Amino acid sequence: MLGKHKTLAVTLGVIIAAMVAAGFAYFPSDDGRTPRATANTRRFVLILAGASGPSESGTFDLEVAARTEALTSTCMKSHGFQYLPKDPHSVVDVEDATDFSSLDYARTHGFGISVFPHFTPEATEAKSYMKTLSAASLKAYDAALPGCVDSSQHTAEKEYGIPEANSEWARVDGEVQHDSRYRSALQTWRSCATAAGHPAQSRLALITDLRKEYTSVVAGVQGGNHMLPQDKLAALAAQNPAWQKFHQTELDAAVATFPCSQAIDRTYVSIFLERLNRKG
């Protein structure tokens, strides 16, 4: 699955994941399509469908982050500023990204809901450069950066065929959802999950309910409306009984339903590939 991204950094994967989870897709034009973008579109469609391994998902995420950072650097240079591209690992956490295919992950991180992401520290050179700017230059830098980030993200999305991938995934996923074989597998999943002590309409529904509970738990850990740094929040959570209880509940649910999910995932991927590769 796609890696976790810093909130104020390159959030491409998070946006995509939200679009997929909500069932939305962006339908772009075909203007400017390149063979590489077309290849990356299929590559990302397979990732979204769960037909590629977690390492491929992480590699894709890091590539997009690196390209976005490089484009941002070029854009800022055109404004007369130095911008050192961030290490993709300081923007994307692929080590802790949700992996539904791994029982070890389920035993350690559950569904990835209560994972606190770990990012490589940003280079100190960037902070040093900022200190050399005058107040006026710093204001101009801050004014130029958001536009450069937005345009760079848009360009990187286009180069990697991401809008088209979301559209294609949504189309094929809709066909899979209505396939009698998948609907039968979903009924089997529900029976399996209920027998395992975690009744739900689907894994997504189970995760959605857990996320709602987690939001409340985290609010209690923070003790206010302000956002704490991830390291401080993780330290507080580790000592918080409510967070500990939720974390164990998440692990139990992920492990107990793992065999159920593996079965339906195999069915989903099989039908998805069949529909994706269908000619005419």
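Source: prediction; values computed, not measured.

Let us look at the overall build of the protein chain. A tally of helices and strands in the protein chain yields 11 helices and 2 strands. Helices (α) and strands (β) of the protein chain occur, in sequence order from the N terminus, as β-α-α-α-β-α-α-α-α-α-α-α-α. Taken across its 280 residues, the protein chain has 41% of its residues classed as buried. A separation of at least 24 residues holds for 77% of the contacts in the protein chain among residues at least 6 apart in sequence. Here the protein chain displays about 14900 Å² of accessible surface, and carbon together with sulfur accounts for 57% of that area.

A few words on empty space enclosed by the protein. To find the voids left in a structure, one rolls a probe of water-molecule size over its atoms. In this structure the tally under the stated criterion is 2 cavities of 30 Å³ or more. What lines the largest cavity is Asp99, Phe100, Ser102, Ala106, Gly110, Phe111, Arg203, Ala254, Thr257, Phe258 and Ser261. When residues in the lining of the largest cavity are grouped by element, the largest group, 4 residues, is from helix α11 (residues 241–276). When grouped by side-chain class, the residues that make up the lining of the largest cavity number 5 nonpolar, 4 polar and 2 charged.

This next bit is on the packing of aromatic side chains. Counted by the stated rule, this structure contains 9 aromatic pairs. Arranged with centres 5.4 Å apart and planes meeting at 80 degrees, the rings of Phe81 and Tyr141 form a pair that is edge-to-face. With Phe81 in the loop between α3 (54–78) and β2 (92–93) and Tyr141 in helix α6 (residues 135–159), the pair connects residues that are 60 residues apart, well separated along the chain. What links up through ring pairs into an aromatic cluster is the set Phe44, Phe60 and Tyr160. The ring of Phe100 has Arg203 sitting right over it, with the charged end atom 4.0 Å from the ring centre.

Counted by the stated rule, this structure contains 12 salt bridges. Of the charged contacts in the structure, one is a salt bridge between Glu168 and Arg171, with a shortest N-O distance of 2.9 Å. One end of the pair is Glu168 and the other is Arg171, both in helix α7 (residues 162–177) and 3 residues apart, which spans about a single turn. Taking relative accessible area as the criterion, Glu168 reaches 25% and is therefore assigned partly exposed. With its nearest N and O atoms 3.7 Å apart, the salt bridge here joins Glu175 to Arg275. With Glu175 in helix α7 and Arg275 in helix α11, this pair connects stretches of sequence that are 100 residues apart. With a relative accessible area of 27%, Glu175 lands in the partly exposed category. Ionic contacts of the salt-bridge type, sharing partners, join the residues Glu168, Arg171, Glu175, Asp179, Arg181, Glu274, Arg275 and Arg278 into one network.

Criteria and cut-off values
- Every residue gets a number counted from 1 within its own chain, in the order that chain's sequence is written.
- Given that this is a predicted model, residues contribute local features only at a pLDDT of at least 70 and side-chain atom pairs are listed and counted only at 80 or more, while totals for whole chains, interfaces and linings are drawn from all residues.
- To get the side-chain values, all heavy atoms of the structure are used, and hydrogens and water are removed first.
- Secondary structure elements follow DSSP: runs of H or I no shorter than four residues count as helices, runs of E no shorter than two count as strands, and numbering proceeds from the N terminus.
- Exposure categories follow from relative accessible area, calculated using a 1.4 Å probe and restricted to protein chains: below 20% of the type maximum is buried, above 50% is exposed, and the middle band is partly exposed.
- By definition in these notes, contact holds between two residues if any of their heavy atoms fall within 4.5 Å.
- Here, Shrake-Rupley sampling with a 1.4 Å probe gives the accessible areas, and only protein chains in the shown set may cover a residue.
- The rule is simple: put a 1 Å grid over the protein atoms alone, call a set of points where a 1.4 Å probe fits but cannot get out a cavity, call an open set with protein on both sides within 12 Å along at least five of seven lines a pocket, and count a residue as lining if it has an atom within 4 Å of a point.
- Grid points are joined across faces, edges and corners, and a volume is the space filled by probe spheres set on the points.
- Under the grouping applied here, Gly and all other residues not named as nonpolar or charged are polar, the nonpolar ones being Ala, Val, Leu, Ile, Met, Phe, Trp, Tyr, Cys and Pro and the charged ones Asp, Glu, Lys and Arg.
- Only the six-membered ring of Trp is used, alongside the rings of Phe and Tyr, when aromatic pairs are assigned; centres must lie within 6.5 Å, and planes under 30 degrees apart are stacked while those over 60 apart are edge-to-face, with the rest tilted.
- Any Lys NZ or Arg CZ found within 6 Å of a ring centre and within 35 degrees of that ring's normal is scored as a charge over the ring.
- We count a salt bridge whenever a side-chain nitrogen from Lys or Arg sits within 4 Å of a carboxyl oxygen from Asp or Glu.

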